[in-house]
Structure formats: C-alpha cells, structure tokens
Amino acid sequence: MNTSTIRLKTSLQDSVLELLNKQIVMEAHSSFSYLSMSAWCYSHGLNGCGDFFKKQSGEERHHMLRIFDYVVDAGGHPLSPEVKSVERTFEGLRDILIKALDQEISITNSFNQITDHCHKVKDYQTAKFLHWFLEEQLEEEQQARRCIEIYDLIGTEDGGLYRIDKEIIKLKTEDLTQRVPRTL
Ligand SMILES: [Fe+2]
Ligand SMILES: [Fe+2]
C-alpha cells in the first residue's frame, strides 16, 4: 500500500500517530517489566507478589492493545513494539515496589504530554480517547503507592515479608476506587 492511500484512510496527524506508537512501546515495556518483577518474586518465594505483578503485566498488555485498536479504528498503522532493556535484577521487594511506582508516574507524565499535544494540534477525538488512561493512571499510582505503604507499615521483622506478600495480592481483589472507609 502506498503512502497516499494510507493518508487517505487516517484522520490521525503524523505527530499524534507517532506519540501513540511510542505509548504502545511504553505499555509493552511496562508489561514485560512487570513480568520480570513477577519472576523475581516467584523465585524468592513471594507468590502473592508474583501473582500481583503477573496480573499487572496482563493489564499493561491490555492498555497496549487498547491504543493499538484505537489507531486501527482511526485508520492509522500501529507498530508492533520492540521492547528493550527490561530490568531483571532487583535489590529486593521494596526496590521493585519503588520501581513500579516510578514506572507508573512516568506513564502518567507521558499521557499528560500526549493529551497536551492533542489539544495543541486540535485533535480532540484522541484527547477524549486518552481521558480513560488518565483516570486509569490515578488508580495505578494509588495502588503502587499503597504497596509501598503496606511494606513499610508491616516491616520485614518477624516474618513480615510473608504478611506483606499476602496483603499485596489482596489489592488485586479489592476495588480501590470504592474504598470508603480506608480500611485496606
Ligand atoms: Fe498502562
Ligand atoms: Fe500501569
């Protein structure tokens, strides 16, 4: 298919398409990064956290596909992402939890920047599509912060790591947006 045919099909501007394809890479990286964290947890006997991060990895893949589908629906060409430099060694569970939060914050920043760009180039349709992700990121960051709080509140003394592991997987079975009062 030649370029002019592709351009006839899509209403997406090149700059927006490029940013969406970069976000596809970011979500794919996030998915594999969480899978790596899951592997580390399983290999250290932390099966609750292993399950937690494996589920999280699946969610990131869904985010990636959501953007992929949007680009297709808009007549654009989504790129199958190349995922590089996934970290495989960690100092411990707390190191993983901090990295997970950092990852979510950088993804939030990225969505803010793409949304900002969409407003600048008057692509309100894509800006509206991105709104779901901005709301999702609030939840994702909240969950990542809660994991660190759980770790620090329980502490690692007297088998604490075992209890932390049990508490963190519970976050995947409870809806954080409905948590009033905050007894989690
Ligand atoms: Fe995501
Ligand atoms: Fe996420």
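Our structure is the block above this text.
Residues numbered from 1 in each chain as written. Chains lettered and ligands numbered in written order. Predicted model: local features only at pLDDT ≥ 70, side-chain atom pairs only at ≥ 80, totals over all residues. Heavy atoms only, no water.

Enquirer: An account of the overall build of the protein is needed here, citing residue identities and associated values.
Expert: Along the protein, the regular secondary structure elements total six helices and zero strands. Written out in order from the N terminus, the α and β elements of the protein read α-α-α-α-α-α. For the protein, the spread of C-alpha atoms along the three principal axes comes to 65 × 35 × 20 Å. Considering the protein as a whole, with its 184 residues, one finds that 44% of them fall into the buried category. Partitioning the intrachain contacts of the protein with sequence separation of at least 6 by distance along the chain shows that 76% fall at a separation of at least 24. Carbon and sulfur atoms form 53% of the exposed surface of the protein, whose accessible area is close to 10600 Å². Side chains of the protein carry 22 positive and 29 negative charges; the gap between the two charge centres is 3 Å. (Helix = DSSP H or I, 4+ residues; strand = E, 2+ residues; numbered from the N terminus. Buried < 20%, exposed > 50% of the residue type's maximum accessible area, 1.4 Å probe, protein only. Contact = heavy atoms within 4.5 Å. Areas by Shrake-Rupley, 256 points an atom, 1.4 Å probe, with all protein chains shown as cover. Lys, Arg positive; Asp, Glu negative; His and termini not counted. Charge placed at Lys NZ, Arg CZ, Asp CG, Glu CD.)

Enquirer: Would you mind going over the coordination of the iron ion (ligand 1) in detail, with residue names and values included?
Expert: In the first shell of the iron ion (ligand 1), the protein supplies E27 (OE), E60 (OE) and H63 (ND1), at 2.0 to 2.1 Å from the metal. Binding-site remark: the iron ion (ligand 1) is held by donors from one chain whose sequence spacing is E-x32-E-x2-H. On the basis of relative accessible area, E27 is assigned to the buried category, the value being 0%. (Donors = N, O, S within 2.8 Å, 3.2 Å for Na, K, Ca; no water.)

Enquirer: Would you mind going over the nonpolar core in detail, with residue names and values included?
Expert: Formed by 22 residues in total, the largest nonpolar core has its most connected members in C41, F53, L93, L97 and I168. Looking at this core, the elements that each hand over two or more residues are helix 2 (14-43), helix 3 (47-73), helix 4 (93-120), helix 5 (124-154) and helix 6 (160-170). The residues touching L97, leaving out its near neighbours within four places in the chain, are F53, C147, I148, Y151 and I168. Judged by nonpolar contacts, the second largest core, of 19 residues, contains I24, I67, V71 and C118. (Core = buried A, V, L, I, M, F, W, Y, C linked by side-chain atoms within 4.5 Å.)

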